[in-house]
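Listed below, chain by chain, are the residues.
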Amino acid sequence: MKKKFYLTTAIAYTSSKPHIGNVYEAILADCIVRYKKKDGYDTYFQTGTDEHGQKIEQKALKLGSTPKEHVDKVSKELKDTYDMMNVNYDHFIRTTDKDHEKIVAEAFEKMLAKGDIYKGVYEGYYCVDCESYFTEKDLKEGCCPDCGAKVTKNSEECYFLKLEPYREKLLNYINDNPKFIQPESRKNEMINNFLKNPIPDLCVSRTSYKWGIPVISDPKHVIYVWIDALMNYITGLGYDVSGNNKELYNKYWPADVHLIGKDILRFHTIYWPIMLMALDLPLPKQVFGHPWILTNLKKMSKSKNNVIYADDLTSLFGVDAVRYYVLHEIPFAQDGNITYELVCERSNSDLANTYGNLVSRTIAMVKKYFGDEKITKVCETEFDKELMDTFAASIKNYKTLMDEFKVGDALEEVMKSLRQSNKYIDETMPWALAKDESKRDVLKTVLYNLLESIRLGTILLEPAMPETAAKVYKALNISNNEFDTLTFGNVNSYNVNECEILFKRLDSKEVMDKVLKMEEEKEKAKQIEANPNAKPEITIDDFDKLDLVVGEIVEASHHPKADKLLVFKVNIGTEVRQIVSGIAKFYEPEKLVGKKVIVVKNLKPIKLRGVDSCGMLLCASDEKDTYLELVNISDCKPGDKVC
C-alpha cells in the first residue's frame, strides 16, 4: 500500500490580485507534491481562497460591488494564475462554499456547547488588514505589529475561545513532535513569544460587520474569519461534526504538512491546534512557515508600488523559468529576493547555459555524428567515474533535501551534476573523437553518458519544471523517468528526436525595456480605469493642429429642422462663418448676439440636418450634461489667436 501525503497551502485572502510573493507558496507546494508523487506517495494537495471578513466587505463597498461579486472575481484571478503557473492541486476550496460554511457553523456550536467558547465583551485594538486583535502592549508605535497598518480601538460583545486550558497540552505536543513547527527558528519564536506564559482567550466572533458565517444560536454574530479560514483544511476533506466523515477525511487527515507564510504561524501553530483539541481531532504532523519573497530586499506592497506579478514574469521568461527561480532562490529559513534582472541572470546561467545548452549540444552531436543510429554504452573513459559519482551523490543529497523541504538546495544539487556534465564534454572532446574512426566506440559511450546525465537531471528537475521535463523526455524518446530509474545505465540505448531550444539567452537591457513598456501600459490602464471617460493624452504637436481664434456672434437663430441646434453667424476677423451648435437647450439665440467666443477655425465643414457648419464653438459642461456654458472671451477682438 502506498504511503499517504496530504499537503495544504494557506488559503489566499481575496482582497486583491495576488502577486508573485503570494503565488510562490502554491508553486512550492506543487513542487513538493510532484516530488512526493514521483517518490511513490499517494498524494492530496488542497489550496483555495479565504473569502470572508471586514476587509473584504469594505473593499467591495469601495469598488461598488457586493462582497460575493468581489470574491468571485479575485478567486477566479487566483485560479487562473495557479493554472498558468502549472499548479496541479487536487481541490480548490472557497470559504463561501456552502458545505464549508455549514460545518464551520456547526463546529462553533460544538465548542460552545462544550464550554470552550463563551460570550463576553472585547475591548482592544483591531487590525482590519490582518483580521487580528491586539492588546495595547502588542502594538508597535500604535500600529499593528504584523503589518504596520493603523488599528481601531473596539469594544463589542463577542464570543471567546479558551486558549489557556490547552496551552500545556500544546507545549507537550510540540516537545514530543520536534518537527511539528519548521524551521526550528519558527518553533522557538512561537514557544518563547507566546506559549511560555499564560495566553489570553481569543475573540472568535464579530458584530460590527455582516460578511461572514453567522453563529447559528446567535445570528447577530459572525464567526471570526480565522476560525472560518483554518477549518478549510478539514472541511475540504469532508469532515463532519457529527462524525459522518467522508472517505477523503478518513484517508488523509491528519495533514502531513500545512505550508504557510511565516507571518501567519501563530494562527496555525497555536489557535488551529487548540481548535482541533477542542473538537477532539488529531493535530497536523507539521506546519512549515516558509520565508517571504522580497523585491529589492523590501517586502512587496501595493502601497509601495513594488509588487511583481506572475503573469508579467511569465510573459518575459516563461512559466518554468519563473518556477525555477522562486524555488531555487528562496532559502529554507530566510527571505529571498526577486527582481526582473535577477530572474534574467539566473535563467541565463542555470537554464540557458548549464541545462539548455547541455541538452541542445548533446542531441546536436548525436544527430551529427550518428544520425538515427542507436546510442549505447560500448566502453569506458577515464572521466566516467567522476561524472557518475557526482550524480550518485547529488541524487542522494537531492532526496534528503527535498524531504526536508529545502527545495532551493536540492535544485542546486541538480545543477552541480549538470555542470559536471558540461565539464565532461570539455574533458572528453567529442568533436575531436569524431575525427578519429578508431574512437567511434568511445564517442558513442561519451554521448550515451551525456544522454543519461540529461535523463537523470531532468527527472530531478521535473517537480520544479514539469513542462520542460516533458519536452526533454520527448527529445530523449524515453519513458524511464521515475525515481526508481535514477541510476546510470538504466536505459540500454537511445534513439533521440530533435529538440527545440529550451531556454534562450536573454539580454538584460532588452528585458528591462520590455518591463518599462509594461509598466507604462499598466499606468495608462489604471488612469483609464480611474476615469473611464477620459480621452487619450495628446502631444504638443497634436495641440498645434488646432487653429483656435476669437469670434464674435453677430447673428443667432433656431435651426429650421432641429430643436436642439442653433445656427450662428460668427465674425472671426477675416470673414463671417456659419456655425451650427447643439446648445439650444441652454440658451435663447437672441441673448448670444454680441458674445465673444472661442472658435475651432480649422474644423472640417459638415452639414447638420441640411445646414452648413464651418467650425465649432467651445463650451464647458458636466459629464451628465445637466448644465452647459459657452466659453466667453472679453478684451479681445475677432480673429485674435487662442493659444
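Residues numbered from 1 in each chain as written. Predicted model: local features only at pLDDT ≥ 70, side-chain atom pairs only at ≥ 80, totals over all residues. Heavy atoms only, no water.

Visitor: Whenever I open this one, the overall build of the chain confuses me. Can you help?
Guide: On a plain count of helices and strands, the chain comes out with 20 helices and 28 strands. Against the compact-globule benchmark of 26 Å for 643 residues, the chain has a radius of gyration of 34 Å, which places it well outside the compact range. Across its three principal axes, the chain shows a C-alpha extent of roughly 105 × 85 × 45 Å. Taking all 643 residues of the chain together, the buried fraction comes to 52%. Contacts in the chain between residues at least 24 apart in sequence constitute 74% of all its contacts with a sequence separation of at least 6. For the chain, the exposed area adds up to about 30600 Å²; of that, 50% sits on carbon and sulfur atoms. The distance from the centre of the 90 positive side-chain charges to the centre of the 99 negative ones in the chain is 1 Å. (Helix = DSSP H or I, 4+ residues; strand = E, 2+ residues; numbered from the N terminus. Rg over C-alpha atoms; globule rule 2.2 N^0.38 Å. Buried < 20%, exposed > 50% of the residue type's maximum accessible area, 1.4 Å probe, protein only. Contact = heavy atoms within 4.5 Å. Areas by Shrake-Rupley, 256 points an atom, 1.4 Å probe, with all protein chains shown as cover. Lys, Arg positive; Asp, Glu negative; His and termini not counted. Charge placed at Lys NZ, Arg CZ, Asp CG, Glu CD.)

Visitor: Please clarify how the packing of aromatic side chains should be interpreted in this entry.
Guide: Scanning the model with the defined rule gives 24 aromatic pairs in all. With a centroid separation of 5.7 Å and 50° between ring planes, the pair formed by Y239 and Y249 is classed as tilted. On the criterion of sequence distance, the pair formed by Y239 in the loop between helix 8 (232-235) and helix 9 (247-252) and Y249 in helix 9 is long-range, its members being 10 residues apart. Pair check on accessibility: Y239 and Y249 agree, each one buried. On the numbers, 6.4 Å between centres and 15° between planes, the contact of Y249 with W253 is stacked. Overall, W253 belongs to the buried group, its relative accessible area being 8%. (Phe/Tyr/Trp six-rings, centres within 6.5 Å; stacked < 30°, edge-to-face > 60°.)

Visitor: Just checking my understanding: could you explain unusual backbone geometry for this structure?
Guide: Negative phi values dominate among residues other than glycine, just as trans dominates among peptide bonds. Along the chain, Q182 connects to P183 via a cis peptide bond; the corresponding omega equals -5°. For the bond from W253 to P254, the omega torsion is 10°, close enough to zero to count as cis. Note on placement: P254 falls in the loop between helix 9 and strand 13 (257-261). We note that N477 has phi near 60°; this positive angle belongs to a residue other than glycine. The topology assignment puts N477 in the loop between helix 18 (466-476) and strand 19 (493-494).

Visitor: Looking at this structure, how should I read the sheet that holds strand 11 (residues 214-215)?
Guide: Pairing between the strands of a sheet comes from backbone hydrogen bonds, and it takes one of two forms, parallel or antiparallel. Pairing is antiparallel in the open sheet, where 3 strands are placed in the order 10-12-11. At either end of the open sheet lies a strand with only one pairing partner, and these are strand 10 (205-206) and strand 11. (Pairing = 2+ DSSP bridges.)

Visitor: Please clarify how the state of the cysteines should be interpreted in this entry.
Guide: Any covalent bond linking the sulfur atoms of two cysteines counts as a disulfide. If you walk through the whole model with that rule in mind, you get 0 disulfides. Of the cysteine sulfurs around C143, a residue in no disulfide, the closest is that of C144, at 8.4 Å. Of the residues examined, C143 reaches a relative accessible area of 21% and is grouped as partly exposed. (Disulfide = S-S within 2.5 Å.)

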